[in-house]
Amino acid sequence: MIHQDPFASLNPRMKVGETISEGPRTHGLVPSSEVSAQTRALLQQVGLEGAYADRLPHQFSGGQRQRIAIARALAMQPDLLVLDEAVASLDVSIQAQVLNLFLDLRRDLGLTALFISHDLSVVRHVCDRVAIMYLGRVVELAPADELYARPEHPYTKALFTSVPTLGTGRRAFEPVQGEIPSPIDPPPGCAFHPRCPFAGPRCRAEIPRLTAAGAGRRVACHLNDGGVGAEAA
Ligand code: SF4
């Protein structure tokens, strides 16, 4: 797991080396005689000096701390990495450095990663497949190229419409209408129906299932699953 805030996710009282080696030591992944060498190698793998193992977190910048968090995650020899808004709290230039480091490591180590983000540009840069969620449910799942070329779900379309682009020039911002409902008391049927311009009676009564919509795509919308139903006259 790599968390959003590297200022909160590292124990300020533990030296960086102790933080990185805690998981492998606890789970017996590395013989004690090799822990120190492995820790230094991991620091070098994420672009930091091995000698930094003896320093405390407050001696590092945000980008360096996120590199330490990546080293800590890699120390567990994971099959799957979960990055929860892992670059959201970094400056844009530092974001790019950390993302490129992550992409290099993913390629070199053959890692699978679940990358959670609100930044659609970053998602496009990093991900092979993208799942769009609304109020805790996946509403569309597709290969990234397919999704960005042709969004299908009304919520996905609304999201993409709101992304600023350099080529479009001046244009009016068109927000999704209405407020986000409470996740602990979601609307009946399709949770997006109070804000959806295509909603019909079926949308208010029946939760749409995630169904195949061609080319590795799945969409949870009645428009792709028999229709939204006719309004009573
Ligand atoms: S199921 Fe209905 S309300 Fe939900 S996204 Fe589709 S058309 Fe809109």
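Residues numbered from 1 in each chain as written. Predicted model: local features only at pLDDT ≥ 70, side-chain atom pairs only at ≥ 80, totals over all residues. Heavy atoms only, no water.

> Any chance you could explain the pattern of salt bridges here in plain terms?
This model, assessed by the stated rule, comprises 9 salt bridges. In this structure, the salt-bridge partner of Glu-146 is Arg-150, at a minimum N-O distance of 3.5 Å. Notably, a salt bridge pairs Glu-152 with Arg-150, separated by 2.5 Å at the nearest N-O pair. Owing to a relative accessible area of 21%, Glu-152 belongs among the partly exposed residues under this scheme. The class of Arg-150 is partly exposed, set by a relative accessible area of 39%. If you follow the salt bridges from partner to partner, you end up with Glu-140, Glu-146, Arg-150, Glu-152 and Arg-217 in one network. (Salt bridge = Lys/Arg side-chain N within 4 Å of Asp/Glu carboxyl O. Buried < 20%, exposed > 50% of the residue type's maximum accessible area, 1.4 Å probe, protein only.)

> In this structure, what is going on with the site of the ligand? I would like to understand it.
In the vicinity of the ligand, 13 residues are found, and the nearest of them are Cys-190, Cys-196, Cys-203, Cys-221 and His-222. In this structure, the ligand is accommodated by the largest cavity. (Near = heavy atom within 4 Å. 1 Å grid on protein atoms, 1.4 Å probe; cavity = no way out; pocket = protein on both sides within 12 Å on 5 of 7 lines; lining within 4 Å. Sits in = over half its atoms within 2 Å of the grid points.)

> Explanation requested: the sheet that holds strand β6 (residues 218-219) in the structure shown.
For sheets, the rule is that strands pair by backbone hydrogen bonds, running either parallel or antiparallel. Spatially, β3-β4-β6-β5 is the arrangement adopted by the 4 strands of the open sheet, whose pairing is antiparallel. One side of each edge strand has no neighbouring strand; the edge strands of this open sheet are β3 (129-134) and β5 (211-212). In terms of strand pairing, strand β4 (residues 137-143) meets β6 through 2 bridges, oriented antiparallel. Within β6, the position partnered with Glu-140 by the bridge is Val-219. Along the sheet face, helix α7 (residues 154-161) touches β3 and β4 and points at about 100° away from the line of β3. (Pairing = 2+ DSSP bridges. Helix = DSSP H or I, 4+ residues; strand = E, 2+ residues; numbered from the N terminus. Contact = heavy atoms within 4.5 Å. Axes fitted to C-alpha atoms, helices over the stretch in contact; angles between N-to-C directions.)

> So what exactly am I meant to see when it comes to unusual backbone geometry here?
Of note, Gln-77 is a non-glycine position whose phi angle comes to about 50°, a positive value. Residue placement: Gln-77 occurs in the loop between α3 (62-74) and β1 (80-84). Overall, the relative accessible area of 49% leaves Gln-77 in the partly exposed class. Positive phi is not limited to glycine here, since Leu-135 has a value of about 50°. For Leu-135, the position within the fold is in the loop between β3 and β4. On the basis of relative accessible area, Leu-135 is assigned to the partly exposed category, the value being 22%.

> What's the story with the domain arrangement of the protein in this structure? I'm lost.
Accessible area lost when the parts come together is the quantity often used to give the size of an interface. Here the protein is described as being made up of domain 1 (1-127) and domain 2 (150-233). Between the C-alpha centres of domain 1 and domain 2 the distance comes to 36 Å. (Domains from an automatic or database assignment.)

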